[in-house]
Amino acid sequence: MKRSLSLTVGIPTCYGGKSLVRVIKSLRASQELVAFQCLVVADSIPIPISIKNELKSLLVDLTENKIPGSQISKVKQIVDQTKTDIFVFTQDDVRFTPEALYEIQKTFIENPEVTMVAAKILPEPPASLFERIIGVGLSIVTNVASTWNRGNNYLSANGRCLAFRTQHLKQMRIPDKLVNTDAYLYFENARAGGTFMVAEKAIVYNPNPTSLSEQLRQTERFLYSKRELTLYFGHLLDLHYRIPRQVFVRAILTTFFTNPIYFLLYVGVYLLGNLKITFFPKDLTPMWKVNLSTKLDSE
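Throughout, a residue's number is its position along its own chain's written sequence, starting from 1. Predicted model: local features are reported for residues with pLDDT of at least 70 only, side-chain atom pairs are reported and counted for 80 or more only, and whole-chain, interface and lining totals are derived from all residues. Water and hydrogen atoms were dropped before computing side-chain values, which therefore reflect all heavy atoms in the structure.

Chemist: Tell me about the side chain of Asp43, residues and numbers included.
Modeler: Tracing the sequence through the fold places Asp43 in strand S2 (residues 37–45). Exposure categories follow from relative accessible area, calculated using a 1.4 Å probe and restricted to protein chains: below 20% of the type maximum is buried, above 50% is exposed, and the middle band is partly exposed. The buried category is assigned to Asp43, whose relative accessible area is 4%. Within 3.5 Å is the distance limit for a polar contact, defined as a pair of N or O atoms, with the added protein rule that one can donate a hydrogen and the other accept it, and that residues adjacent in sequence qualify only through two side-chain atoms. Separated by 2.8 Å, the side chain of Asp43 and the backbone nitrogen of Gly69 make a polar contact. A polar contact is formed between the side chain of Asp43 and the side chain of Lys74, at a distance of 3.1 Å. Only heavy atoms enter the contact rule, under which two residues are in contact if any of them lie within 4.5 Å. In this view, Asp43 contacts Thr13, Cys14, Asn65, Ile67, Pro68, Gly69 and Lys74; residues no more than four positions away in its chain are not counted. A helix here means a DSSP run of H or I that spans at least four residues, while a strand means a run of E at least two residues long, and both kinds are numbered starting from the N terminus.

Chemist: Tell me about the pairing of strand S7 (residues 161–165), residues and numbers included.
Modeler: Across the five residues of S7, five count as buried, placing the element largely inside the fold. Burial along S7 is two-sided: the residues Cys161, Ala163 and Arg165 and Leu162 and Phe164 are all buried. Here, a strand pair is defined by DSSP locating no fewer than two bridges between the strands. Where strand S4 (residues 86–90) and S7 come together, five bridges link them in antiparallel fashion. Residue Ile86 lies in a different strand from S7, and its bridge partner there is Arg165.

Chemist: Tell me about the sheet that holds S4, and please be specific about residues and values.
Modeler: Ordered in space as S3-S2-S1-S4-S7-S6-S8-S5, the eight strands form an open sheet in which the pairing is mixed. Strands with a single pairing partner mark the edges of an open sheet, and in this sheet they are strand S3 (60–64) and strand S5 (95–96). As judged from the seven bridges shared by strand S1 (residues 7–15) and S2, these two strands associate in the parallel manner. From the neighbouring strand, Val9 faces S2, where its bridge partner is Cys38.

Chemist: How would you explain the packing of helix H1 (residues 18–28) against helix H2 (residues 49–57) if you had to name every residue and give the values?
Modeler: Orientation is described by axes fitted as lines to C-alpha atoms, over the contacting stretch for helices, and by angles from 0 to 180 degrees between their N-to-C directions. Axis separation between H1 and H2 bottoms out at 10 Å; the angle between their running directions is 10°. One way to sum up the angle between H1 and H2 is to call them roughly parallel. Of the residues in H2, those in contact with Lys18, Leu20, Val21, Ile24 and Lys25 of H1 are Ile51, Glu54 and Leu55. For classification, angles of less than 35 degrees are called roughly parallel, those exceeding 145 degrees roughly antiparallel, those between 65 and 115 degrees roughly perpendicular, and all remaining angles oblique.

Chemist: I'd like a rundown of helix H3 (residues 71–81), residues and numbers included.
Modeler: Restricting attention to buried positions, one finds in H3 the residues Ile72, Lys74, Val75, Ile78 and Val79. Each buried residue of H3 lies within a common arc of 155° when the element is viewed along its axis, so the set occupies one face. Packed against the buried residues of H3 are S1, S2, S4, helix H6 (166–169) and helix H7 (181–191). Regarding the arc, it is the one traced by the directions from the helix axis to the C-beta atoms.

What follows is the structure, encoded as structure tokens:
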């Protein structure tokens, strides 16, 4: 068994502000890990010179595209540059714990059959009432993801941090545009003969949506996702996409009895998203937009 695997972290971004620097600082604070390469591909909003200097000091290999592209197109660009054993895909507004990268690397080393690893994504502590409400919905998803098929499901594949054996990833089909990159990569990994696993001790913190409009965009994106995935994986997707009723009901009841008031408030937020997709399907805006609320330049 190979006891060491080289690693590249890739970050696509269209807003290279201080949030990006904070992510990379958390990565560079990783413990018990050999040196790793950090590649960033940016477009849309020019990166200030001061941020570029900080990125350089953090040993970041930065590429700025003159023509804006989708998130997945930037990921593909990074993958093409990757020569290491493992590729870790993350985003520009998360926070890695010091053990996260090591635990991802360790999971691949100890499980040579595994080709795709997901970190465990937890929300940052809520700073507002709305974030507490949204946190209830996230707890339902987390409960379902962890219990359904022992964690081997598309809900566990959170794009805030996904890792792949690079050789396997380069054999996967990756379109230039995707609404739900996370779920697509999970199903494509399986289609290509890969094996998925969650690294439970690899913790990455992610900020909650801070506004109703941002939450509705996420709801639209999720509800639209199955239409997109069916185009690539056909109706056999039903075998692996539908959440088992027993798992879902258990997660709902657990969340309700734990926090009934916030649960009911979350149901109202969720229903707003469903009403829009039901009665105004032509107004859907599933393509991801920059959420500047999670990328503020404040320290």
